[in-house]
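Working through the structure, step by step
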Amino acid sequence: MSSVAHLPPPQFSFTTCQKLLKKMGGAVSAGEDNDELIDNLKEAQYIRTELVEQAFRAIDRADYYLDDFKDNAYKDLAWKHGNFHLSAPCIYSEVMEALDLQPGLSFLNLGSGTGYLSSMVGLILGPFGVNHGVELHSDVIEYAKQKLDFFIRTSDSFDKFEFCEPSFVTGNCLEISPDSTQYDRVYCGAGVQKEHEDYMKSLLKVGGILVMPLEEKLTKITRTGPAAWETKKILAVSFAPLIQPIHADSGKSRLVHLPPITVRSLQDLARIAIRGTIKRIIHQETMSKNGNGLKNPPRFKRRRVRRRRMETIVFLDKEVFASRISNPSDDNNNCEETEEERREEEEKGISELKPDPPVNFLREKVLSLPLPDPLKYYLLYYREK
């Protein structure tokens, strides 16, 4: 939403607001960087599992914003500009948790947009999963491919995972060819009307999970049998509705044909195996240096997050209220905490300065191998960094 009306703030207690924000998928406090955003999502219990946390930390949300809007990347708010759209981080984290992702599964993202969610899912699916997306707008497809290429070429996080690269196709997700394969996991990123519920269910394998906004509720549907379903409402949301297909007068078919599920080449399988072996060697060397893991390497202590009043946008029955919500105890302890923070700042030594960037041990190990350069670059996916 581009603007918020200046309305008098609703009078809720702090506890009531916390419950309301959780129920409605409201904003958590803004972070200064991607890690702090994830810290806040964990604290608010939107991120609850280690796999989902790792995926969120590996991909910087700001990388999927247009340059003029990056200042808003770490706020728990949706972003839309033209055809480009990102849901709020709290929504994506609830979706990721509800999908119960595991390595090797097949995933279909309906309304794949910038590819942010598909890329995070790909980090969990691993090299033997399937990761497909359908997006209505061709300019968004091109943008998603650029962002995917940027992540593969430049991000050190890429080498910490074996990635299931997303494949995107252009088309209306309500016109998927009936002979297309079914998927283990399906997500729809637009509001689904009741009349399309059975269509969405038909895309799912038995044992699979479908997550979608259905009648203004983020809904998890598990297919427990050929005609058996379990439905769970997760939280109240407000999504733009699916765009209905426009039938051409020419009668020409507009069916969307999803990417074929192909077997990896022997060359690609060899790359996966070699990278996996090198990672195991690095892990064994690290364990040996640290005394079989009994001694933990020193870790940089993260900056203490100062308590602050939380500027929040609350959604109530499609009305938008701008409000400031603060814990009464924050005001009582404000002077005491300010003094404590001042002492901490004074006691901080040079050792507390920001550490050097982490070393990409996989890259260093590959580059040190007695191999021809083209093979080294192939093992590194021709990455720039």
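A brief report on the enclosed structure follows. What you are looking at is a predicted structure, and each value in this text was computed from that prediction instead of being measured.

1. Thoughts on the overall build of the protein chain
In terms of regular secondary structure, the protein chain is built from 12 helices and 11 strands. Counting only carbon and sulfur atoms, one obtains 52% of the accessible surface of the protein chain, whose full area is about 22100 Å².

2. Quick word on the nonpolar core
One finds F56 and M96 to be the most contacted residues of the largest nonpolar core, which totals 56 residues. When residues of this core are traced back to their parent elements, those giving at least two are α2 (34-43), α3 (50-58), β2 (84-86), α4 (89-99), α5 (116-125), α6 (138-154) and β7 (204-214). Apart from the residues lying within four places of it in its own chain, the contact partners of M96 are V52, A55, F56, L101, L117, M120, V121 and I124. Membership of the second largest hydrophobic core comes to 23 residues, among which are L108, V186, A190 and M212.

3. What to know about the sheet that holds strand β3 (residues 106-110)
What the seven strands build is an open sheet, ordered β5-β4-β3-β6-β7-β8-β9; its pairing is mixed. Looking at strand neighbours, the two that pair on one side only are β5 (167-170) and β9 (228-236), the edges of this open sheet. Averaged over all adjacent pairs, the angle separating strand axes in this sheet is 15°, with direction ignored. Set on the sheet, α4 makes contact with β3, β6 (183-188), β7, β8 (217-225) and β9; between it and β7 the angle comes to about 160°.

4. Notes on the pattern of salt bridges
For the structure shown, the criterion picks out 17 salt bridges. When the shortest N-O distance is used, the salt bridge between R271 and D268 registers 3.2 Å. Highlighted residues: R271 and D268, both in helix α8 (residues 266-289), separated by three residues, approximately one helical turn. Taking the relative accessible area as the measure of exposure, R271 reaches 10% and is therefore buried. For D268, a relative accessible area of 12% translates into the label buried.

5. Thoughts on a nonpolar patch on the surface
A surface patch of nonpolar side chains, about 340 Å² in accessible area, is lined by F128, L266 and L269. Exposure remark for L266: the relative accessible area of 72% places this residue in the exposed category.

6. Overview of the packing of aromatic side chains
Following the criterion strictly, the structure yields 10 aromatic pairs and no others. Summarising the aromatic geometry, the rings of F158 and Y381 are spaced 5.1 Å apart at their centres and angled 85° between planes, so their arrangement reads as edge-to-face. Highlighted residues: F158 in the loop between α6 and β5 and Y381 in the segment after α12 (373-379), separated in sequence by 223 residues. Given the relative accessible area of 3%, F158 is considered buried. In textbook terms, an aromatic cluster arises when at least three aromatic residues are bridged by ring pairs, as seen for F151, F158, F163 and Y381. Note that R271 overlies the ring of Y378, its terminal NZ or CZ placed 4.0 Å from the centroid.

7. A closer look at the pairing of β6
Among the six residues of β6, six are classified as buried, and the element is accordingly described as predominantly covered. Here β3 runs beside β6; their pairing, made up of four bridges, is parallel. By the bridge assignment, L110 is partnered in β6 with C188.

8. What to know about the side chain of D159
Among the structural elements, D159 can be located in the loop between α6 and β5. At 3.0 Å, the side chain of D159 and the side chain of R275 are in polar contact.

9. What to know about α2
Burial in α2 covers these residues: N34, E36, L37, I38, N40 and L41. For α2, the secondary structure elements touched by its buried residues are α3 and α4. At the N-terminal boundary of α2, the capping side chain belongs to D33, with an oxygen 3.2 Å from the backbone nitrogen of D35. Following α2 by one or two positions, Q45 adopts a phi angle in the positive range, close to 70°.

Thresholds, definitions, all that
Residues numbered from 1 in each chain as written. Predicted model: local features only at pLDDT ≥ 70, side-chain atom pairs only at ≥ 80, totals over all residues. Heavy atoms only, no water. Helix = DSSP H or I, 4+ residues; strand = E, 2+ residues; numbered from the N terminus. Areas by Shrake-Rupley, 256 points an atom, 1.4 Å probe, with all protein chains shown as cover. Core = buried A, V, L, I, M, F, W, Y, C linked by side-chain atoms within 4.5 Å. Buried < 20%, exposed > 50% of the residue type's maximum accessible area, 1.4 Å probe, protein only. Contact = heavy atoms within 4.5 Å. Pairing = 2+ DSSP bridges. Axes fitted to C-alpha atoms, helices over the stretch in contact; angles between N-to-C directions. Salt bridge = Lys/Arg side-chain N within 4 Å of Asp/Glu carboxyl O. Patch = residues over 30% accessible without salt bridge, like charges linked within 9 Å, V, L, I, M, F, W, Y side chains within 5 Å. Phe/Tyr/Trp six-rings, centres within 6.5 Å; stacked < 30°, edge-to-face > 60°. Lys NZ or Arg CZ within 6 Å of the ring centre and 35° of its normal. Polar contact = N/O pair within 3.5 Å; in protein donor to acceptor, adjacent residues only side chain to side chain.

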